[in-house]
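Overview (structure and organization)
So you can see what is in the structure, the chains are spelled out below.
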Amino acid sequence: MKTRKLSFLLALSMGASLVAAGCSSSDSGSGNDGDKVVLDYWHTYGEQEEKVLVEEIKPAFEEEHPDIELKLTRMPQEGLKQQVIAGVAGNAAPDIMRMDIVWVSEFAEMGALTEMGEMDGFEEVKETLFEAPMSTNFYDGGYYGLPLNTNTKIAIYNKEVLESVGYDEAPATMEELEDASRKAVEAGAEGGISIAGVGQTWDYLPYFWSLGGSLSNEDYTKFDGYLNSEESVKALETIVGWNEEGLISPIMLGGEPGTWEGIEKGQYMMVDDGPWFFSILMNEKDKQNPLDYTTWAPIPEGDGGSRSVIGGENLVIFENSDKKDAAWEFTKWMTEEEAQKIMGIGTGLIPTNRTAAQDPEFLELPFIEQYVKQLETALPRTPIPQWSEVEGEITLNFEKVLRGEMDPKEALDDAAAKADQILNQ
Amino acid sequence: MLQHNEQLNDPGVHEKVKKGKRNKKPKEKKERTSFKKGLQQWREVFPFLIVGLLGTACFVIYPLFKGIVMSFQEYSIMPGADSPWVGIENYARAFQDPTFGYAVRNTFLNTVVTVPINWFLGIFFAVLINMQFIKYKITFRTLYYLPIITSWIVVAFLFRYLFAAGDGGFINYILYTQLGLIDEPISWLQNQWTAMFVIWTFHIWKTVGWTVVIYLAALQGVPKSLYEAARIDGANALNLFRHVTIPMLAPITIFVVINLVMGAFNIFPQVYFITGGGPMHQTEVLQSMIFNEAFTNMNFGYSSAVGVMMGLTIFILTWTQQKKIGKQKFY
Amino acid sequence: MKNRSDLFWKIVVYAILIFGVLIFIFPFIYMILTTFLTSAYSLPRPEEVFTARPNLENYKEVWMEYEFYRYFLNSLLVAGVAMVGSLLLGSMSAYAFARFEFPFKELIFRAYLFTMMIPLVLAIVPQFTVINNLGLVNTYAGLWLIYIGGGVVGSTFFLRGFFETIPKDLEESILIDGGGKWRIFWNIYLPLSKPALGTMAIFAFSGTWDEYFVALTIIKDEAMRTLPIALMMFQGQHASNWALVFAASLIAIIPVIIIYIIFQKKFVQSGHSEGAVKG
């Protein structure tokens, strides 16, 4: 009896295993197709974006380059860095990857990426691309990637809530934002300004910068005297003041509801977010169209102007790729007008190619104009290889301040000292 | 690594304890084996042993040594890149790092808090299930054991969901909306101590079934004749429990407690999947810190140093027990 | 009188036990109820959860559209082979330690024991380099090597004690027939250790079925991902759609629960079956 059950179970699992083996081998067998060069490309596009990549970009590129085949792998955000690190350490990294702009200098310092300055036609390509996103690839005298798409965040308001507190147009200054939030919260909103979190500088830099704060000097070599300048302390104090008054939405410290839900249901008055807010929500079948219930404008101006934060992704080629020429072909092609237009129009990701960004069809996307405008004044996060560690220190102290465990001045002094120490190690 | 813990926490292990007790084998005389005889013995055992030995050497022992070496280096994972020796710098660094302080504190606290509760609940439920009049013993046992075999990741999702902030989270719904025990919904995972509470609850909920099963098996192994004899002597239920059950369970209790301590000390998925160490590293434990330092900050040397210190601590803590294991072969 | 108070206490004990069961089972029930919700984009309120109507829409969506059938089969393959491999290798090693004398036996065994107590998080990097040197990155073979090779210690530890309780006299019949150690191993030790092997099987299976960190480093191909990776990725993308996330989660835990329920009878008996073994 017992034996039968046991062997039945074993047989069952083995049988299923064989089926699985059959399935997976038929899928991964596409590698050796004649003498085609197969380029392994890792990306982290969202669902809608992936669709454009698979259905439009891949066929277009492969038609133009019949000798190259793209093997697309969508990577999970969760544990991504571990994957890349393990890949680099074990010569198992892909040929090309679409990588967050703040990672490039870190991996370049490790020696994991290919310097592109020597590549065929690099200078001409560089001319066609916007300068700010291009600069995020710069490390120690060379360029280690090409900017693929750029983005920034603007202020998005729930139209109804905003109108109910007497603003027919989006607040233009930080004072107005504060005033509108106060009225909205008094009228029963759960939050006015929705800073999405405190876990990364990306979340709060637009406010910190616009209120006059700064991170480092212009050469990115010194934090002391900048991160803890009088203006920076004052900016942080203002944010703390908002929080104590209840103007900031509970989501910042991990409460509910989330930002998108809060805006949709009118529980929050304002959120700052990237173009994906619109492009994703417009494509969700069961949801209201965000264009109907929001108004949007650049981040309100404060003492520092209207400063948002630049985000985006670069295409990098890994040093241990043995198909660098083909990889470069693809990288170059992706930054050319055609590909940039397809991606921009299909997904709302902002092109880094100057011509594509001016394309009328792209500009027709209703939300794009304000993003392009915001990009003129947006700032990058400090492009240094040690950024993730520096960011860790800054973020930790910011959170302590916002939770009332540290005094703003003390926190910024401490963070500046630690950041400089990390920088000079 | 998870696998190790799971197997260590295996209920079956305990059988050996009982059996080891019962059939004590006459000690084999240790003769001096000559070199030739040793070689002959190795030749015989070789086919059975070698594959496992190789696997262990490659995937367990070598990584451990490599870790010790890395802890004295500023280790670069790039193939072929140099990894300069830095002496004990990585070790010194830990003592100035507040995260390390939190990690040590939380690992220790997790042990101190969860082990007694886990132990108590385990023996409590086991005794109840073992009562003579209880029917469906196996069903109870199966249900209590269910969390153990469920995926860590899934249970972590589940706990994050149940302990969600706001009044839509189930626990808040019970405590706030239904019972009114708290003044406002708690943001469980956003504050240090409430987050720790969730982690502890998660840990106990997920592992207490093991303790129940072990004790249940041990209780069933207590000979009925002992109870009958005591009852004839006029002992009541409480007396029976104190003077028969408890002494009979003593050896298994040592085994259980050691396993619980090791399990609590090796806490990792509980934290990694629930809070990721946040807020502000305040819920970090040693293993999550080791993982994050290596794979987020790429400080492999530092991460190894913390790992080595943790390993040494466990080694020292279990030293006395290891000697026993050496003598008795099994415990 | 006595009977009545007896009854009272019986009820109390049952009540406590059932309360315990509720604590362990309720979260699963709540999870299952959640999967019946449709378009749960934000945190569903408990009232909504309790009134959800059973349907399988979310399961269908996850299984087909998000291709969980593929990850499911992948995991079945990975965990199935790892389980069989661990059992075989573990029982061979355990037999070696239980029934052979050889120089350094106890030393090696203590080294084994020692490694069980050390956290192996950091071993991931060196393990990865070994697999890479063998050219097995992004293959299931690489994953199996780590799972089986790394798991030998635990299974050896566990099975050795069990094998030692099997009386040596039983071997004689085989020896008289002229059989060797292998036949003794196959015909005596394995069949008599079924309860222990069954228990091991559950743990070997659920341990690898659920393994995330190693699989994440070794497997690069999207089509080869296992359930834990797919689940974490899925949760990252659909963070607030709990109904879908839990439908995927249930798919991931059901096989282990089924295996457990099938094997668990052995599990129970393992505490008492020694009588039979001793004959």
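The model shown is predicted, which means the values in this text are computed figures rather than measured ones. (Residues numbered from 1 in each chain as written. Chains lettered and ligands numbered in written order. Predicted model: local features only at pLDDT ≥ 70, side-chain atom pairs only at ≥ 80, totals over all residues.)

Brief notes about the packing of helix H13 (residues 286-295) of chain B against helix H14 (residues 300-317) of chain B
Residues and elements named next belong to chain B. Rules: Angles here are taken between N-to-C directions and fall from 0 to 180 degrees, while the axes themselves are lines fitted to C-alpha atoms, restricted in helices to the stretch in contact. Note on conventions: DSSP H or I runs of at least 4 residues are helices, E runs of at least 2 residues are strands, and numbering of each starts at the N terminus. Angles below 35 degrees are treated as roughly parallel, those above 145 as roughly antiparallel, those between 65 and 115 as roughly perpendicular, and all remaining angles as oblique. Take the far helix as the reference: if the near one is turned anticlockwise from it by less than a right angle, the crossing is left-handed, and if turned clockwise, right-handed. With C-beta atoms placed from the backbone, a contact is any residue pair whose C-beta atoms sit within 7 Å. For this classification, the nonpolar set comprises Ala, Val, Leu, Ile, Met, Phe, Trp, Tyr, Cys and Pro, the charged set comprises Asp, Glu, Lys and Arg, and every other residue, Gly included, is treated as polar.
It is the contact of H13 with H14, at a shortest axis distance of 7 Å, that shows an interaxial angle of 160°. It follows that H13 is roughly antiparallel to H14 by the angle criterion. Every pair of crossing elements has a handedness; the one defined by H13 and H14 is left-handed. Here Leu286, Met289, Ile290, Glu293 and Ala294 of H13 lie close against H14, whose contacting residues are Phe300, Tyr302, Ser303, Val306, Gly307 and Met310. Classifying every residue of the contact of H13 with H14 by side-chain character gives eight nonpolar, two polar and one charged.

Observations regarding the sheet that holds strand S6 (residues 146-151) of chain A
The pairing of strands in a sheet comes from backbone hydrogen bonds and takes either a parallel or an antiparallel form. Residue and element names in this part refer to chain A. Where we set the bar: At least two DSSP bridges between two strands are required for those strands to pair.
One open sheet accounts for six strands, arranged S2-S1-S3-S11-S6-S12; its pairing is mixed. Two strands in the sheet have a free side with no partner beyond their single neighbour: strand S2 (68-74) and strand S12 (350-351). Bridge analysis of strand S1 (residues 37-43) against S2 gives seven bridges, and the strand direction is parallel. Bridge pairing in S2 links Val38 to Glu69.

Re the interface of chain A and chain B
Between chain A and chain B, the residue contacts involve 18 residues of the former and 17 residues of the latter. Elements that contribute at least two residues to the side of chain A that touches chain B include exactly helix H3 (80-89) and helix H19 (387-402) of chain A. The residue makeup of the side of chain A that touches chain B, split by class, is seven nonpolar, six polar and five charged.

Concerning the nonpolar core
Note the cut-off: In plain words, the nonpolar core is the set of buried Ala, Val, Leu, Ile, Met, Phe, Trp, Tyr and Cys residues that C-beta atoms within 7 Å link up. Comment: burial labels come from other C-beta atoms within 10 Å of the residue's own C-beta, placed from the backbone, where a count of 20 or more is buried, 12 or fewer is exposed, and between is partly exposed.
With 293 residues, the main nonpolar core has Leu143 and Ala248 of chain C as its most contacted residues. By residue number, the principal contributor to this core is helix H4 (residues 68-99) of chain C, which donates 18 residues.

Some words on the environment of Asp210 of chain C
Residue and element names in this part refer to chain C. By secondary structure assignment, the location of Asp210 is in the loop between helix H10 (194-209) and helix H11 (213-218). C-beta crowding within 10 Å serves as the criterion here: with 28 such atoms nearby, Asp210 is assigned to the buried category. Residues Asp210 and Phe72, 138 residues apart in the sequence, show an inter-C-alpha distance of 12 Å.

Observations regarding the domain arrangement of chain C
All names here are of chain C. Cut-off, in case you're wondering: Residue ranges assigned to the domains are those given by an automatic or database domain assignment.
Split by domain assignment, chain C resolves into domain 1 (2-50) and domain 2 (59-278). Distance from the C-alpha centre of domain 1 to the C-alpha centre of domain 2: 32 Å. Every contact between the two is made by eleven residues of domain 1 and, on the other side, nine residues of domain 2. Looking at side-chain class alone, the side of domain 1 that touches domain 2 contains seven nonpolar, four polar and no charged residues.

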